[in-house]
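Topology and contacts: notes
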Amino acid sequence: MKTNSVLDIIKENFLFFDGAMGTMLQEAGMKAGEIPELYNIENPDIIYDIHKKYFEAGAHVATTNTFGANKLKLEGKGYSLEEIITSAVKNAVKAAEEFKDKKYVALDIGPIGSLLAPLGTLKFEEAYEIFKEQVVAGTKAGADLILIETMSDLYEAKAAVLAAKENSHLPVFCTMTFHDENRTFSGTDVLTMVSVLEGLGVDALGVNCSKGPNELQGIVEEVLKYSHLPVIVQANAGNPKVKNNKVYYDFDKDLYSEEILIMAQKGVAIIGGCCGTTPEYIKSIVGKLKNIKPIKLNPKRITCTSSSSQTVIIGEEVKIIGERINPTGKKRLKEALRNGEIDYLIKEAINQMETGSDILDVNVGLPDIDEKSMMKKVVEDLQSLISLPLQIDSANEEVIEEAVRIYNGKPIINSVNGKKSSMDKILPIVKKYGALVIALTLDEEGIPKNSQKRLEIAGKIIEEAKSYGISEEDILVDPLVLTASAEQSAVLETLKAITMIKSKYNVKIVLGTSNVSFGLPNREILNTTYLAMALSYGLDAPITDSTNESLMDVVRSFKVLANQDKDSREYIKEYSNIKEKKIGKEYSNMELQDIIIKGLKDDAGKVTEELLKEKTSLEIVNDYMIPALDIVGDRYEKQELFLPQLIRSAETSKVVFEVIKSKMIADGRENISKGKILLATVEGDIHDIGKNIVKLILENYGYHIIDLGKDVPMYKIVETVKKEDIKLVGLSALMTTTVRNMELVIKKLKSIDPDIKIMVGGAVMSPKYSKDIGADFYGRDARKAVDIAKEVFPEN
């Protein structure tokens, strides 16, 4: 086996990957619409020759021609998936064996091409099985490592990494692709990507595709700032352009290698190319870096937890862990859990988010419900709507693992304690899924009365965690407060333990402070006083009720006095007369517009039915739906919310629209339509994620969408345009190999109707490229598509 040497190379030298496969296949004569992966069997000499050229250029690693080799894309194409992947690996291995120096083969795994729930219909478990099939086949065929690349959805990347780690012994590299505002298509920022992928145990991580090397410099710097792993970069050769009916890229090999040199000098250790790069590019990079060695990274060490779109760093300033999703002592919440009223929990989550919680604790433990299935359902729903990280709280390790496995981000596990049985059960889960963990300072003897014993228990847990490879930064210690009514002398011991633990270990402290007042009158004054005391001793993240204004007053004022709230900005914003003070929303009286914005699907239908008793369908659409969607769209553009929240609001709006349509049909009236739009992913491309989101949003704005699906031949698009008298067409493509088909469709449509308007979108598109191929509009995202539709149909 050669695999260990791949990782050994990175310790002292640069590791060079190959460049684009699609670009080389096009140069070899592959026609638009052909399936690249079938070349592994039908034209193996071409694939072998491409790999050999990259090896000759100096690449250490050849990436197999399996980017889209999954069962959704290749089903019914005449060969089994295993045959295609095996042939791909054998072609690369054959080329590698031509060289005396060691060459390696990376099993290439690209995105599936379908959105994972909640953004789409593909379940996390289904995605895992699709990736598992690829991993098993590639490993069996003789690959040396696995490259998971061009991921735009962190959730999909997690499914792929788990499939690779659980079904193969090979090293795993993972790269994601970033777009505008340095976020992935689904809204993941750089720090979140690094923290989640590192936690999952990949061997190298980084970025590829989407941009030229110059445009990736800022993103790469951010990756290097936080990554403790080798960083890989495979940039495009600039941006695609069209000249004389041919696609070319605006960065030649010399410009490209100059930018790569800058990245190498910053700390990038693994380098290759993506769209538009060829063996000449790799040769130029190898030559540029031949006299230098990789530099050692010195990343910032932080304690952080993440959702898919937001990372919360614990320790730089006080963070609030919201405690309200916990049935203990809450009659209404218990009732909601028993009745499966998930929307009640969602409202609690929104309320805590709006009143200042940074992280949400989630506990659904009741003796008379299926805790595991309920926890899974609640986590899935919350992460589709709330951008805050979640803390998974259960006494059952099976419930914890079920939740953290399907969680989209880096969760906190609540909790482990000093009992050997607890550490044996919980710490392996923490390590496998890259979570933070709360360590409770109790053991077989219970909760200690003194601070020294708490320190000892904390130390025992920390050292045991290290034996699993869990760093101190991933541990949050809870020194546990006892009630002043029963253990008054022990109350200060908890605070002393905070200082002692933090002085010895690089861990952060969490604490549920409200227990101190149990059994005493006027609990609020005790709670607020003790919270202030704990913060002054070094408490990093109180587990508390952010809807309690008195407690939040303490936190906000402490952050000013501790120099955490710079220039008192948050304090002034909260308490200035210019701005009304936030108050928790009474959700029972919420207007339809708020319901749509917050994505409360269960309430949407009932409220719409009531509104229809006094307002017309058109009034509801124009006065509630459209303004709500506009607000959500504005917040999406400003990155105040992200794709999961956008989709959830759109789905809620869809519930409203269905009620309105039913009412109109019952009244014998026609549906509302603001215009007819055709959408299609062009022939040869099976990626329709962006198109499906555009469809959902446009439908909610009242447009009639004719969706032809993916891999749509030109004749079908033309035929439908004629039949339906379409005035606006939306075309999408993810891969450079299929953009030529998009250009051909545009030319054909314009030859039939010069006045027809065409918008295009997809990862490879840009405003300039869109213009070059004859499109009228570049639809950057779903919100832009709405603006385009309004421009094309101004009368509506």
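Further up the page is the structure itself.
A quick note: this is a predicted structure, and the numbers were derived from the prediction, not measured.

This part takes up the overall build of the chain. Looking only at helices and strands, the chain has 31 helices and 25 strands in total. Compactness check: the chain gives a C-alpha radius of gyration of 28 Å against a globular reference of 28 Å for 796 residues, within 12% of the reference. Taking the principal axes of the C-alpha coordinates as reference, the chain spans close to 80 × 75 × 50 Å. Sorting the 796 residues of the chain into buried and exposed places 59% on the buried side.

Time to look at the packing of aromatic side chains. Enumeration over the complete set of coordinates arrives at seven aromatic pairs. Relative to Tyr 281, the ring of Tyr 256 has its centre 5.4 Å away and its plane inclined at 85°; by these criteria the two rings are edge-to-face. Taken together, the positions of Tyr 256 in helix H11 (residues 253-266) and Tyr 281 in helix H12 (residues 279-288) put the pair 25 residues apart, joining distant regions of the chain. One cation-aromatic arrangement involves Lys 103 over Phe 99; the distance from NZ or CZ to the ring centre is 5.5 Å. Lying across the ring of Tyr 128, Arg 405 places its NZ or CZ 5.0 Å from the centre.

Moving on to the packing of H11 against H12. It is the contact of H11 with H12, at a shortest axis distance of 9 Å, that shows an interaxial angle of 45°. The orientation of H11 relative to H12 falls into the category oblique. Remark: the crossing between H11 and H12 carries right-handed chirality. Mapping the contact onto sequence places Lys 253, Asp 254, Tyr 256, Ser 257, Glu 258, Ile 260 and Leu 261 in H11 and Glu 280, Tyr 281, Ser 284, Ile 285 and Lys 288 in H12. The class makeup of the residues in the contact of H11 with H12 is five nonpolar, two polar and five charged.

Following the sequence through the fold, Ser 284 ends up in helix H12. Look at Ser 284 and you get buried, because its relative accessible area is 14%.

Attention shifts here to the pattern of salt bridges. Inspection of the entire model under this criterion finds 55 salt bridges. Ionic pairing is found between Asp 603 and Lys 347, a salt bridge with its closest N-O pair at 2.8 Å. Remark: Lys 347 occurs in helix H14 (residues 342-354) and Asp 603 occurs in helix H24 (residues 601-611); sequence separation between them is 256 residues. We note a salt bridge from Asp 787 to Arg 783, for which the minimum N-O separation is 4.0 Å. Placement of both Asp 787 and Arg 783 in helix H31 (residues 782-792) is noted, with a separation of four residues, approximately one turn of the helix. Here Arg 783 falls in the buried class, since its relative accessible area comes to 13%.

Right, let's talk about the packing of helix H15 (residues 371-385) against helix H26 (residues 643-666) for a bit. Where H15 meets H26, the closest approach of the two axes is 6 Å, and the angle between their N-to-C directions is 100°. Of the possible angle classes, the one that applies to H15 and H26 is roughly perpendicular. Seen from H15, the contacting residues are Asp 381, Gln 383, Ser 384 and Leu 385; seen from H26, they are Pro 644, Gln 645 and Arg 648. The residue makeup of the contact of H15 with H26, split by class, is two nonpolar, three polar and two charged.

Glancing now at the sheet that holds strand E18 (residues 475-478). Sheet architecture is closed into a barrel: eight strands sit in the order E13-E14-E15-E16-E17-E18-E19-E20, paired in parallel fashion. Here the strands of the sheet are splayed against their neighbours by 30° on average, with no regard to which way each runs. The pairing of strand E15 (residues 390-393) with strand E16 (residues 412-417) spans three bridges and is parallel. The partner of Ile 392 across the bridge, within E16, is Ile 413. In the packing of H14 onto the sheet, the strands contacted are strand E13 (321-325) and strand E14 (359-362), and the crossing angle to E13 comes to about 150°.

Think of an α-helix as turning once every 3.6 residues; residues three or four places apart then point the same way. Look at H26: 34 Å from first C-alpha to last across 24 residues, which is about the 34 Å you get at 1.5 Å a residue. Phi for Gly 668, located one or two positions after H26, is positive at around 75°.

A surface patch of nonpolar side chains, amounting to about 240 Å² of accessible area, comprises Leu 492, Met 533 and Tyr 537. Here Tyr 537 lies in helix H20 (residues 523-537).

As summarised here, the arrangement of the five strands in space is E22-E21-E23-E24-E25, forming an open sheet in which the pairing is parallel. Two strands bound the open sheet, and with one partner strand each, they are strand E22 (704-707) and strand E25 (777-778). In terms of strand pairing, strand E21 (residues 676-681) meets strand E23 (residues 728-732) through five bridges, oriented parallel. Looking at the pairing, Leu 679 lines up with Gly 730 of E23.

A separate point is the pairing of strand E11 (residues 303-306). Side-chain alternation along E11 places Thr 303 and Thr 305 on one buried face and Cys 304 and Ser 306 on a second face that is also buried. Where E11 meets strand E12 (residues 311-314), four bridges bridge the pair, whose relative direction is antiparallel. Looking at E12, one finds that Cys 304 is bridged to Ile 313. Connecting E11 to the next strand, E12, in antiparallel fashion are four residues.

Right, let's get into H14. Here H14 contains 13 residues, and its C-alpha end-to-end distance of 18 Å stays within 8% of the 18 Å for a straight helix at 1.5 Å per residue. Of all 13 residues in H14, ten are buried; the element is thus mostly enclosed. Among the residues making up H14, those that are buried are Ile 342, Asp 343, Leu 345, Ile 346, Lys 347, Glu 348, Ala 349, Ile 350, Asn 351 and Gln 352. The positive-phi residue at the C-terminal boundary of H14 is Gly 356, with phi of around 120°.

Rules used throughout
- Residues numbered from 1 in each chain as written.
- Predicted model: local features only at pLDDT ≥ 70, side-chain atom pairs only at ≥ 80, totals over all residues.
- Heavy atoms only, no water.
- Helix = DSSP H or I, 4+ residues; strand = E, 2+ residues; numbered from the N terminus.
- Rg over C-alpha atoms; globule rule 2.2 N^0.38 Å.
- Buried < 20%, exposed > 50% of the residue type's maximum accessible area, 1.4 Å probe, protein only.
- Phe/Tyr/Trp six-rings, centres within 6.5 Å; stacked < 30°, edge-to-face > 60°.
- Lys NZ or Arg CZ within 6 Å of the ring centre and 35° of its normal.
- Axes fitted to C-alpha atoms, helices over the stretch in contact; angles between N-to-C directions.
- Parallel < 35°, antiparallel > 145°, perpendicular 65-115°, else oblique.
- Left-handed = near helix turned anticlockwise from the far one by under 90°.
- Contact = heavy atoms within 4.5 Å.
- Nonpolar A, V, L, I, M, F, W, Y, C, P; charged D, E, K, R; others polar.
- Salt bridge = Lys/Arg side-chain N within 4 Å of Asp/Glu carboxyl O.
- Pairing = 2+ DSSP bridges.
- Expected span 1.5 Å × (residues − 1).
- Patch = residues over 30% accessible without salt bridge, like charges linked within 9 Å, V, L, I, M, F, W, Y side chains within 5 Å.
- Areas by Shrake-Rupley, 256 points an atom, 1.4 Å probe, with all protein chains shown as cover.

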